[in-house]
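# Observations on the three-dimensional arrangement
Each chain is listed here by its residues.
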Amino acid sequence: MWIDVVAHVLMGRDKRAYRFVQDTRFGRIVIAESHDVPVIVDAVTDYVARRMVEREHALAAPPGAAPAPVAAEKPRRGRFWPFALGFVFGALALFCLALVASLGSF
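Keep in mind it's a predicted model, so treat the numbers as computed, not measured.

Here the focus is the overall build of the chain. A count of helices and strands for the chain gives two helices and three strands. Each helix and strand of the chain, ordered N terminal to C terminal, gives the series β-β-β-α-α. In summary, the chain has a C-alpha radius of gyration of 34 Å against a globular reference of 13 Å for 106 residues, an excess of more than 25%. When each of the 106 residues of the chain is scored for burial, the buried share is 11%. Relative to all contacts within the chain whose residues are 6 or more apart in sequence, the contacts with residues 24 or more apart total 19%. Carbon and sulfur atoms provide 66% of the accessible area of the chain, an area that totals close to 9,500 Å². Across the chain, the centroid of the 13 positively charged side chains sits 14 Å from that of the 10 negatively charged ones.

A separate point is the pattern of salt bridges. Overall, the coordinates contain four salt bridges when judged by the stated rule. Two residues, arginine 28 and aspartate 23, come together in a salt bridge whose shortest N-O distance is 2.8 Å. Of the residues examined, aspartate 23 reaches a relative accessible area of 27% and is grouped as partly exposed. The salt bridge involving aspartate 46 is made with arginine 50; its shortest N-O contact spans 3.4 Å. With a gap of four residues between them, aspartate 46 and arginine 50 both fall in helix 1 (residues 37–59), about one helical turn apart. Taking the relative accessible area as the measure of exposure, aspartate 46 reaches 44% and is therefore partly exposed.

All right, on to the pairing of strand 1 (residues 7–11) then. By the bridge criterion, five bridges tie strand 1 to strand 2 (residues 18–24) in an arrangement that is antiparallel. Bridge pairing links alanine 7 to glutamine 22 in strand 2. As consecutive antiparallel partners, strand 1 and strand 2 are separated by six residues, and within that stretch lysine 15 has a phi angle of approximately 65 degrees, a positive value.

Quick look at the side chain of serine 34 now. Tracing the backbone shows serine 34 in strand 3 (residues 27–34). Side-chain polar atoms of serine 34 contact the backbone nitrogen of aspartate 36, separated by 2.9 Å. The contact partners of serine 34, leaving out residues within four places of it in the chain, are Arg16, Ala17, Tyr18, Val39 and Ile40.

This next bit is on the pairing of strand 2. Looking at chain direction, strand 2 and strand 3 are connected through seven bridges and run antiparallel. Note that in strand 3 the partner of phenylalanine 20 across the bridge is alanine 32.

Criteria and thresholds
- Residues numbered from 1 in each chain as written.
- Predicted model: local features only at pLDDT ≥ 70, side-chain atom pairs only at ≥ 80, totals over all residues.
- Heavy atoms only, no water.
- Helix = DSSP H or I, 4+ residues; strand = E, 2+ residues; numbered from the N terminus.
- Rg over C-alpha atoms; globule rule 2.2 N^0.38 Å.
- Buried < 20%, exposed > 50% of the residue type's maximum accessible area, 1.4 Å probe, protein only.
- Contact = heavy atoms within 4.5 Å.
- Areas by Shrake-Rupley, 256 points an atom, 1.4 Å probe, with all protein chains shown as cover.
- Lys, Arg positive; Asp, Glu negative; His and termini not counted.
- Charge placed at Lys NZ, Arg CZ, Asp CG, Glu CD.
- Salt bridge = Lys/Arg side-chain N within 4 Å of Asp/Glu carboxyl O.
- Pairing = 2+ DSSP bridges.
- Polar contact = N/O pair within 3.5 Å; in protein donor to acceptor, adjacent residues only side chain to side chain.

Below is the structure:
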């Protein structure tokens, strides 16, 4: 039975033992293991309560606790003038190419 993304309850091979585990990046951690269901229920209840408290602390953190770095915005340059200059140079290059091609055919 999955509790959340990283924690779940496993049944033993004999179908009588229960194991409550949590997956971490270093492997599995056994949080509780017992033949009695109430022991596992108490462990799961405690785990869920701790996770809810952690979540509330994370959401209720004061905004001044960890200020996010503010990146200074670069002033935006106009996009029209580079386009116009490229258009004029391109037209001039095509005109020169056509002029050279017509003079070379005489």
